[in-house]
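Report on the structure
Next come the chains, spelled out residue by residue.
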Amino acid sequence: VLPGGGEFVLTTQRGAFQVLPQPDSYKPVVKAIPGPRVPDSLPKIPIAKMSGDPVRANIVAITADGQHMIIGYGYFDLEPQIFEYHRGSDGAWIEDGSLPPLPTDMDLLSIEFDDPQNPDPGFAYVGTGDQAYVLNLRTKQWGRVHGVGPDSAIHAMSVVGGLHIAACWGIYNPAGPGTVRRVTNAHFLLHRMSDETGSNLRTYGIDVDPSRPNREVVTSITGVYVSADSGESWKRLSDLPEGEYRTVHFNADGTVI
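For the structure given in this document, a descriptive report is provided here. (Residues numbered from 1 in each chain as written. Predicted model: local features only at pLDDT ≥ 70, side-chain atom pairs only at ≥ 80, totals over all residues. Heavy atoms only, no water.)

Observations concerning unusual backbone geometry
Leaving glycine out, the prevailing phi sign among residues is negative, and the prevailing peptide bond configuration is trans. Put simply, the test is: For helices the rule is a DSSP run of H or I covering at least 4 residues; for strands it is a run of E covering at least 2, with both sets numbered from the N terminus onward. Type-normalised accessible area, obtained with a 1.4 Å probe on protein chains alone, sets the label of each residue: buried when under 20%, exposed when over 50%, and partly exposed for intermediate values.
Positive phi outside glycine occurs at K140, with the angle close to 60°. Turning to its location among the elements, K140 is positioned in the loop between strand 10 (132-136) and strand 11 (141-144). Judged by relative accessible area, K140 falls into the partly exposed class, the value being 27%. Even without being a glycine, S230 presents a positive backbone phi close to 60°. Relative to the helices and strands, S230 resides in the loop between strand 20 (223-227) and strand 21 (235-236). Using a relative accessible area of 33% as the deciding quantity, one classes S230 as partly exposed.

Have a look at this one:
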């Protein structure tokens, strides 16, 4: 969602789209955003698309002033691509070109700027199907986020108070610039009344309360968990229905969606 909430960008199997709400909320204006297309040559892995079809758009990040954007593309073709955009005078998104190739051929799953409130951020964190990477937006050089275990699908990230990661095999909290540590001592209530699982919880979403950064919440394959001590201990929100939860967000008043 762009600053001010006047429009948003949607990533789909058919590429990315700019969505502009109208007075009749059931009839928004939807504009395709330029992006890569399936090439004439066969991909490394067969995909259910034809030559010339849009490549799946996975991740998107927009600067605080709403003037620049990064979109990541790719789906099982082992060639993830990231493009930069700027807003034109008519409000449409204009492609500036691609960023250097990532040091991985895995799917793109998540992205966050190092300072989402800065209209000119210095770094972008990108989570993939195997690792967390950091892009220096000045030098256009890629690096690894230190401390992430091998084959850790990075489903979501938060940068409130440092980099927090929800991964396939656990939770990572900040340990320094560009460095995280895995939460290894916490225990999570797996079922409502009994049983506990260790720190290898499969998590999908993570957020940190901006007004109280010691509070964080994660969604997982077994439910939703909240910590009030920066991840040292966790409580399962047992009043929620049983099920798998994917995304989570702290509101300004401290409540959680």
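From this point, things continue past the structure.
Observations regarding the packing of aromatic side chains
Aromatic ring pairs are reported here in terms of the distance separating the ring centres and the angle at which the planes meet. The test is simple: Only the six-membered ring of Trp is used, alongside the rings of Phe and Tyr, when aromatic pairs are assigned; centres must lie within 6.5 Å, and planes under 30 degrees apart are stacked while those over 60 apart are edge-to-face, with the rest tilted. Charge over a ring is defined by NZ of Lys or CZ of Arg lying within 6 Å of the ring centre and within 35 degrees of the ring normal.
Within the structure shown, the criterion is met by 1 aromatic pair. When the ring of Y73 is compared with that of F83, the centres are 5.7 Å apart and the planes differ by 85°; the resulting orientation is edge-to-face. In this pair, Y73 sits in strand 5 (residues 68-73) while F83 sits in strand 6 (residues 81-87), placing the two residues 10 residues apart along the sequence. The pair Y73 / F83 is uniform in exposure class, with both members buried. Here the guanidinium or amino end of R87 rests over the ring plane of W93, the centre of that ring lying 5.2 Å away.

Details of the sheet that holds strand 6
By definition, the strands of a sheet pair up through backbone hydrogen bonds, in either a parallel or an antiparallel sense. Applied cut-off: Strands pair, by our definition, only if DSSP identifies at least two bridges between them. Every angle, taken between N-to-C directions, lies between 0 and 180 degrees, and every axis is a line fitted to C-alpha atoms, over only the stretch in contact when it is a helix.
Across the sheet, 4 strands lie side by side as 4-5-6-7; this open sheet has antiparallel pairing. This sheet does not close on itself; its edge strands, each paired only once, are strand 4 (57-62) and strand 7 (93-98). Within the sheet, the average angular offset between the axes of one strand and its neighbour, ignoring direction, is 25°. Of the pairings in the sheet, the one linking strand 6 to strand 7 comprises 5 bridges and is antiparallel in character.

A look at the pattern of salt bridges
Going by this rule: Think of a salt bridge as a Lys or Arg side-chain nitrogen and an Asp or Glu carboxyl oxygen that are within 4 Å of each other.
Here the structure, examined in full by the defined rule, presents 9 salt bridges. Salt-bridge contacts for R14 lead to D53; the nearest nitrogen and oxygen are separated by 3.9 Å. Taken as a pair, R14 in the loop between strand 1 (8-12) and strand 2 (15-20) and D53 in the loop between strand 3 (29-33) and strand 4 lie far apart in primary sequence, 39 residues in all. For R14, a relative accessible area of 46% puts it in the partly exposed group. Put simply, D209, R212 and R215 are held in one network by salt bridges that share partners.

Quick notes on the pairing of strand 6
Of the pairings in the sheet, the one linking strand 5 to strand 6 comprises 6 bridges and is antiparallel in character. Of the residues in strand 6, the one forming a bridge with Y73 is Q81. Hairpin geometry of strand 6 and strand 7 is characterised by an intervening segment of 5 residues between the two adjacent antiparallel strands and by a positive phi of about 90° at G91.

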